[in-house]
Every structure is written in structure tokens, then in C-alpha cells.
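Here is what each chain is made of, one letter per residue.
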Amino acid sequence: MFKHMREDIATIFENDPAARSWFEVVFTYSGLHALWAHRVAHCLYKKRWYTTARITSQISRFMTGIEIHPGAIIGRRFFIDHGMGVIIGETCEIGDDVVLYQGVTLGGTGKEKGKRHPTIGSNVVIASGAKVLGSFTVGDNSRVGSNAVVLSEVPPNSTVVGIPGRVVKRDGVRVGRLDHNNLPDPVVDMFRQLQEQIEELKVEVATIKSKSGGSQENDVKNL
Ligand SMILES: CC(=O)SCCNC(=O)CCNC(=O)[C@H](O)C(C)(C)COP(=O)(O)OP(=O)(O)OC[C@H]1O[C@@H](n2cnc3c(N)ncnc32)[C@H](O)[C@@H]1OP(=O)(O)O
Ligand SMILES: N[C@@H](CO)C(=O)O
């Protein structure tokens, strides 16, 4: 247990340039306190002492501003930075080396039963204010941008941003990027098509007129 606690503290130094001393980390990092409280609550949950587990997690929530359901399964070297407003649902599964920032929700959509919260792979970063909602997986080594609302599977090694969340980077390469100087313009496209049709019609009318005896050259000019 103490080995894990040392690892938890070391994880904070690896992820947070603001961390100065072990004393400061142990006494002031709410994410660390919430994680340690969750370990106790999860043990109680596994023993089926559900209410005691919930009471433990609610006391932790009151103290830290972070709500982790006792049923959530969390891997090693988990770090919640700042933490206020983080909510982690009962059927969440979180891999190793995951970082969450303040205001992240790992929640359900309200439409699913049973496994209804996301599975987060290893080495994932979920930025401040992001909401990941549903029972899908966020693949290993992925990043979710601030304030994104992710509603479907995220492939590994991806960056997801926006509402609803969309993959903008995969394996280090930008995807689905808009060229804002050359956006498609359906109105201009329609006018171009109409212009082409008018030209075709002019030629057809001139041909018909010339066949019926008029001068093709003059007819085309007069159109
Ligand atoms: C006090 C404190 O500091 S609290 C800590 C607050 N910080 C956080 O929560 C971490 C925030 N970090 C982020 O959100 C980061 O931008 C990450 C994790 C998304 C970066 O992931 P990367 O894979 O490095 O993506 P990258 O920076 O290359 O951005 C990719 C594209 O997404 C866009 N993008 C990045 N973040 C966002 C976002 N939150 N919303 C919309 N678009 C975004 C970028 O502009 C870029 O677009 P472009 O290709 O048109 O230029
Ligand atoms: N704690 C992180 C994010 O706020 C930093 O100081 O950079």
C-alpha cells in the first residue's frame, strides 16, 4: 500500500510543474486525497458494504470537490489536477497513467443501463471541463480537449475536440481539417451550373434556327 502511495506522489511530480515538495503535495493536492479515499471506498464496495462505501466517497467529495463512485475501477499512477467538479461514474474503468483536469465528467447519457460509463484506456489526458458520456472506450494514448463533449468511441492515439467531440489528430497527423480560405460555396456552384446550362441552350437554339433557314452566326450573337 505504501509503495502505491509513494508512486501516487511521484506521479504528481511527473505531471505537474507546480508541485514543489512532498509535504505540499501530500497536504494540499485534492486529487491525491480523492484517490486515496477512493481506494478505501472501492474496498468497501467490493465487500458489498455499499452504503459505507458511498458515505466514504461522499465525505471525500465534501472535502475535495471530487466525486468518484466507489464502484469505479482506477488503474495505477492516476492524477487528477486541481480536481474541483470532477465526477466519475460507477461503471467507469480507467487504465494506467491517466490524467484528468478540473471539471471533467466521466458519465452516462441517462439512456443506458448496466455498463453505462466510459472505459478510459492507458496514458489518456482528459482536459478541463470535458464530458465523456456513454459506455464506449477512449483508446490508449488519446487526448480529449478542454470542454469537449465526447459521445462515441475514440480510437487510440487520437486527439478529440469540440461538441460533439470529433477526432482532429490521429497518430500525430491532423485529420478532417477545414481549409478556411477555400470553404465550399453551394450558391456559387449552383450559379456556375446554371451559366453552363444557359451556354448549352444558346448553342442548341442557334442550331435549330440555322436549320430552319436563319443565319447561325447572327442568331448566336443576338441571343
Ligand atoms: C490552471 C491550469 O492550467 S488548469 C489546466 C488546464 N489545462 C487543461 O485542461 C489541458 C488542456 N489541454 C488541451 O486541451 C490540449 O489542447 C490538448 C490536450 C487537446 C492538446 O492535444 P494535442 O494532441 O497536442 O492537440 P493540438 O494542440 O495539436 O491541437 C489539435 C487541434 O485541436 C485544436 N484544439 C486543441 N484544443 C482544443 C479545444 N479544447 N477545443 C477546440 N479545439 C481545440 C487545436 O487548435 C488544433 O487545431 P488546428 O489543427 O486547426 O490547429
Ligand atoms: N498544475 C498544472 C496545470 O495547472 C500547471 O501548473 O501547469
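Above this text is the structure in question.
Since the model is a prediction, treat every value here as computed from it, not as a measurement.

Draft legend 1. Summary view of the overall build of the protein. When its secondary structure is counted, the protein shows six helices and 16 strands. Here the C-alpha radius of gyration of the protein, 30 Å, is well above what a compact globule of 223 residues would show, namely 17 Å. Taking all 223 residues of the protein together, 36% fall into the buried category. Pairs at least 24 residues apart make up 28% of the contacts formed inside the protein by residues separated by at least 6 positions. Approximately 13,700 Å² of the protein is accessible, and the part contributed by carbon and sulfur atoms is 56%. Charged side chains in the protein number 27 positive and 24 negative. The centres of these two groups are separated by 8 Å.

Draft legend 2. Structural view of the site of ligand 1. In the region of ligand 1, 14 residues are neighbours, and S128, S146, T159, K169 and R174 sit closest. Within the side chain of T159, a nitrogen or oxygen atom sits 2.5 Å from an oxygen atom of ligand 1. With respect to ligand 1, the side chain of K169 contributes an N or O atom lying 2.9 Å from an oxygen atom. Its free accessible area being 990 Å², ligand 1 has 55% of it covered by the protein chains. For the shell around ligand 1, the secondary structure elements donating two or more residues are β14 (158-161) and β15 (166-170). Here the shell around ligand 1 is composed, by residue class, of four nonpolar, six polar and four charged.

Draft legend 3. The pattern of salt bridges, seen in detail. Counted under the stated rule, the structure contains nine salt bridges. The salt bridge partner of R61 is E67, with a shortest N-O separation of 2.9 Å. On the basis of relative accessibility, which here comes to 40%, the residue R61 falls in the partly exposed class. Here D189 makes a salt bridge to R192, at a shortest N to O gap of 3.8 Å. Separated by three residues within a single helix, D189 and R192 lie in helix α5 (residues 186-211), roughly one turn from each other. Using a relative accessible area of 39% as the deciding quantity, one classes D189 as partly exposed. Each member of the salt-bridge network shares a partner with another, and the members are E7, R76, R77 and D97.

Draft legend 4. Region of interest: α5. Taking 1.5 Å per residue, 26 residues should reach 38 Å; α5 reaches 38 Å between its end C-alpha atoms and fits that length. Two residues or fewer past α5, G213 is found with a positive phi of approximately 110 degrees.

Draft legend 5. Structural view of the sheet that holds strand β8 (residues 119-120). Strand order in this open sheet of four strands is β2-β5-β8-β11, and the pairing throughout is parallel. This sheet does not close on itself; its edge strands, each paired only once, are β2 (73-74) and β11 (137-138). Looking at chain direction, strand β5 (residues 93-94) and β8 are connected through two bridges and run parallel. Residue pairing across strands places I94 opposite I120, the latter belonging to β8.

What counts, and at which threshold
Residues numbered from 1 in each chain as written. Chains lettered and ligands numbered in written order. Predicted model: local features only at pLDDT ≥ 70, side-chain atom pairs only at ≥ 80, totals over all residues. Heavy atoms only, no water. Helix = DSSP H or I, 4+ residues; strand = E, 2+ residues; numbered from the N terminus. Rg over C-alpha atoms; globule rule 2.2 N^0.38 Å. Buried < 20%, exposed > 50% of the residue type's maximum accessible area, 1.4 Å probe, protein only. Contact = heavy atoms within 4.5 Å. Areas by Shrake-Rupley, 256 points an atom, 1.4 Å probe, with all protein chains shown as cover. Lys, Arg positive; Asp, Glu negative; His and termini not counted. Charge placed at Lys NZ, Arg CZ, Asp CG, Glu CD. Near = heavy atom within 4 Å. Polar contact = N/O pair within 3.5 Å; in protein donor to acceptor, adjacent residues only side chain to side chain. Nonpolar A, V, L, I, M, F, W, Y, C, P; charged D, E, K, R; others polar. Salt bridge = Lys/Arg side-chain N within 4 Å of Asp/Glu carboxyl O. Expected span 1.5 Å × (residues − 1). Pairing = 2+ DSSP bridges.

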